[in-house]
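If you want the building blocks of each chain, they are given just below.
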Amino acid sequence: MPCMRKDNKLLTMRTLLLMIMIAFCISACEKGGEQPTADIYGKWELHRQYGGLLGKDSIYAAGNGNIYQFNSGNTYKHFTNGTADAQGVFVIKKYGTQPDQPVNHILFDNHTDGDPINIDGNKLSIGTTVTDGQISEYQRTGN
């Protein structure tokens, strides 16, 4: 009997370890999780907008006052022509139909739908041209 108890403990420990490994793998692969946002922190000024139904392409001069200010604590302020017109909270979530090609989305003020975003150095793109959408490109102007 003592050997059987030892084998049962070993089997129980193996089962527990297997269950922990499975839980870890599932949580690591979960889609739609919040993503780190440190790359977005700072001030971003609108530089270009393109796409849409008419295929419009507009370039904006530096100093135009159309700005997103993203702060630690995941808060933001938006300015149009230098005047604050929106503020609140944001979150970045990763979505995707293929695990090797997820897309980051930014969701403002606890909305469940967001816009695709991409940060490439000092360039931030928000939006998509899919289904006649529009992309807004911002340049980093400060912290």
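Residues numbered from 1 in each chain as written. Predicted model: local features only at pLDDT ≥ 70, side-chain atom pairs only at ≥ 80, totals over all residues. Heavy atoms only, no water.

### What to know about the pairing of strand β3 (residues 67-71)
Looking along a regular strand, one sees the side chains alternate between the two faces of the sheet. To keep it simple, the criterion reads: Burial classes follow relative accessibility: with a 1.4 Å probe on protein chains only, a residue under 20% of its type's maximum area counts as buried, one over 50% as exposed, and anything between as partly exposed. Numbering of helices and strands starts at the N terminus; helices are DSSP runs of H or I of at least 4 residues and strands are runs of E of at least 2. When DSSP locates at least two bridges between a pair of strands, those strands are taken to pair.
Counted residue by residue, β3 has four buried out of five residues, so it is predominantly covered. Across four bridges, strand β1 (residues 42-51) lies against β3 in antiparallel orientation. Looking at β3, one finds that E45 is bridged to I67. Where β3 lies against strand β4 (residues 75-80), five bridges are found, and the strand directions are antiparallel.

### Thoughts on the confidence of the model for the protein
Put simply, the test is: Each residue carries a pLDDT score, the predictor's own confidence in it, on a scale running from 0 to 100. Whether two residues touch is decided by their heavy atoms; if any such pair falls within 4.5 Å, the residues are in contact.
On average, residues of the protein carry a pLDDT of 81, and 71% of them reach 70 or more. For residues 20-32, every residue scores under 50 in pLDDT, and the model assigns this stretch six contacts once sequence neighbours within four places are set aside.

### Observations concerning the nonpolar core
Threshold: Nonpolar core, defined: a set of buried Ala, Val, Leu, Ile, Met, Phe, Trp, Tyr and Cys residues in which side-chain atoms within 4.5 Å join the residues together.
One finds I40, F70, F90, I106 and L124 to be the most contacted residues of the largest nonpolar core, which totals 14 residues. Looking at this core, the elements with two or more residues in it are β1, β3, β5 (83-95), β6 (103-108) and β8 (123-127). Residue contacts for I106: discarding those within four places in its chain leaves I40, F70, F90, V91, I92, G114, D115, I117 and I126.

### Some points on the pairing of β4
From the end of β3 to the start of β4, which pair antiparallel, there are three residues, and G73 there has a positive phi angle of about 85 degrees. For β4 and β5, the ladder comprises six bridges, and the chain directions are antiparallel. Bridged to K77 within β5 is Q87. In sequence, β4 turns back onto β5 through a hairpin of two residues, with N81 there showing a positive phi of about 50 degrees.

### With respect to the pattern of salt bridges
Let me state the cut-off plainly: One side-chain nitrogen of Lys or Arg within 4 Å of one carboxyl oxygen of Asp or Glu is enough to make a salt bridge.
For the coordinates displayed, the defined rule picks out three salt bridges. Among the salt bridges present, the one from D57 reaches R48, with a minimum N-O distance of 2.9 Å. Residue classification places R48 among the partly exposed positions, given a relative accessible area of 24%. Between K123 and E137 there is a salt bridge, and its shortest N-O distance comes to 3.7 Å. Note that K123 is positioned in strand β8 and E137 in strand β9 (residues 134-142), a separation of 14 residues in sequence. Taking relative accessible area as the criterion, K123 reaches 31% and is therefore assigned partly exposed. Using a relative accessible area of 6% as the deciding quantity, one classes E137 as buried. Connected via shared salt-bridge partners are R48, D57, K123 and E137.

### Side note on the packing of aromatic side chains
Aromatic ring pairs are reported here in terms of the distance separating the ring centres and the angle at which the planes meet. For clarity, the cut-off: Stacked, tilted and edge-to-face are the three classes applied to pairs of Phe, Tyr and Trp rings, where Trp contributes its six-membered ring and a pair requires centres within 6.5 Å; stacked means planes under 30 degrees apart, edge-to-face means over 60, and tilted covers the rest.
Taken as a whole and assessed by the stated rule, the structure comprises seven aromatic pairs. Measuring from centroid to centroid gives 6.4 Å for F70 and F108, while their planes differ by 25 degrees, and the two rings are stacked. One end of the pair, F70, is in strand β3; the other, F108, is in strand β6, with 38 residues separating them in the sequence. Accessibility assignment for this pair places F70 and F108 in one class, buried. When the centroid spacing of 4.7 Å and the interplanar angle of 65 degrees are considered together, the rings of Y76 and F108 count as edge-to-face. Linking Y76 in strand β4 with F108 in strand β6, this pair joins segments that are 32 residues apart in sequence. No difference in accessibility class separates Y76 from F108, as the two residues are buried. These aromatic residues form a ring-pair network of at least three members: Y68, F70, Y76, F90, F108 and Y138.

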